[in-house]
Amino acid sequence: MIYIVEDDANIRKMLVFAIAREGYEIKEFPDASTLYDSLEKEMAQLLILDIMLPGEDGFTVLEKLRGNPSTKRLPVIILTAKNSEIDKLRGLDGGADDYVTKPFGIAELMARIRAVIRRSEVQTDNIYETANLKVDCGKHIVTVDENEVILSKKEYDLLVLLLKAKGNVCTREELLNAVWGENYGESRTLDVHIRKLRHKLDNEDLIETVKGFGYRIR
């Protein structure tokens, strides 16, 4: 199920037609007023979210979704006419999985939708443990010394990718493309998220910087 929050009826109609052809079920909303109730009743596989909406804007909606445990890992693609670098960084750093600007090509948008859904289909039965850290992917719970640590979606995705590499180096490009998609903007956002991860996990040495390449779990 893909949810679309878009106030332009013509764009909604075009999106519904294109996405339905790919075999997905769709729910459409002209604003966010009924979105939250719908998510409680049926969780979406992906949310396509406009920014300039009547009532709550898309940035506010994204912040609420990421602050709610039941929706904090819901894949979100922002689809908007706001194309400044500041807006893109605000959306991506706020937890969006991709940021697409209008006007857009349907073929490219569908490719981005498929990519985000693939990235979100992480195995849910894995448990990773190293040092005093444990990550239960099935429950999406991260603990340090048996105390739960609250991570943002992108922090969590970064940590799981590094753990899955089993000590091998993940290049900057691999991490950026896997977590932020091709439209990741400034690469320094990766360094910011790594610093936050080290701080939240209370372990500056767990994630090692491999100069000129990327990062790995010690």
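Residues numbered from 1 in each chain as written. Predicted model: local features only at pLDDT ≥ 70, side-chain atom pairs only at ≥ 80, totals over all residues. Heavy atoms only, no water.

Draft legend 1. Structural context of the overall build of the chain. The secondary structure content of the chain amounts to eight helices and twelve strands. The C-alpha atoms of the chain give 18 Å as radius of gyration, which agrees with the globular expectation for 218 residues (17 Å, within 12%). Dimensions along the principal axes, computed over C-alpha positions, put the chain at roughly 50 × 35 × 30 Å. Contacts in the chain between residues at least 24 apart in sequence constitute 58% of all its contacts with a sequence separation of at least 6. Here the chain contributes 32 positively and 38 negatively charged side chains, and the mean placements of these two sets differ by 2 Å. (Helix = DSSP H or I, 4+ residues; strand = E, 2+ residues; numbered from the N terminus. Rg over C-alpha atoms; globule rule 2.2 N^0.38 Å. Contact = heavy atoms within 4.5 Å. Lys, Arg positive; Asp, Glu negative; His and termini not counted. Charge placed at Lys NZ, Arg CZ, Asp CG, Glu CD.)

Draft legend 2. Fine view of the packing of helix H6 (residues 153–164) against helix H8 (residues 188–200). Two elements in contact, H6 and H8, have axes separated by 10 Å at closest approach and are oriented at 85°. What the angle tells us is that H6 and H8 run roughly perpendicular. Taking contact as the criterion, the partners of Lys-154, Glu-155, Leu-158, Leu-159 and Leu-162 in H6 are, on H8, Leu-190, His-193, Ile-194, Lys-196, Leu-197 and Lys-200. Partitioning the contact of H6 with H8 into residue classes produces six nonpolar, one polar and four charged. (Axes fitted to C-alpha atoms, helices over the stretch in contact; angles between N-to-C directions. Parallel < 35°, antiparallel > 145°, perpendicular 65-115°, else oblique. Nonpolar A, V, L, I, M, F, W, Y, C, P; charged D, E, K, R; others polar.)

Draft legend 3. Expanded view of the sheet that holds strand E8 (residues 141–144). In space, the four strands of this open sheet follow the order E6-E7-E8-E9, with antiparallel pairing throughout. Of all strands in the sheet, those bounded by a partner on one side alone are strand E6 (127–130) and strand E9 (147–148). Sheet analysis places E6 next to strand E7 (residues 133–136), joined by four bridges and oriented antiparallel. Paired with Ile-127 across the strands is Asp-136, a residue of E7. Docked against the sheet, H6 engages E6, E7 and E8, running at close to 105° with respect to E7. (Pairing = 2+ DSSP bridges.)

Draft legend 4. Region of interest: the environment of Tyr-128. Inspection of the secondary structure puts Tyr-128 in strand E6. A relative accessible area of 14% means that Tyr-128 is categorised as buried. In contact with Tyr-128, not counting residues within four places along its chain, are Leu-133, Lys-134, Val-135, Cys-137, Val-160, Leu-163 and Lys-164. (Buried < 20%, exposed > 50% of the residue type's maximum accessible area, 1.4 Å probe, protein only.)

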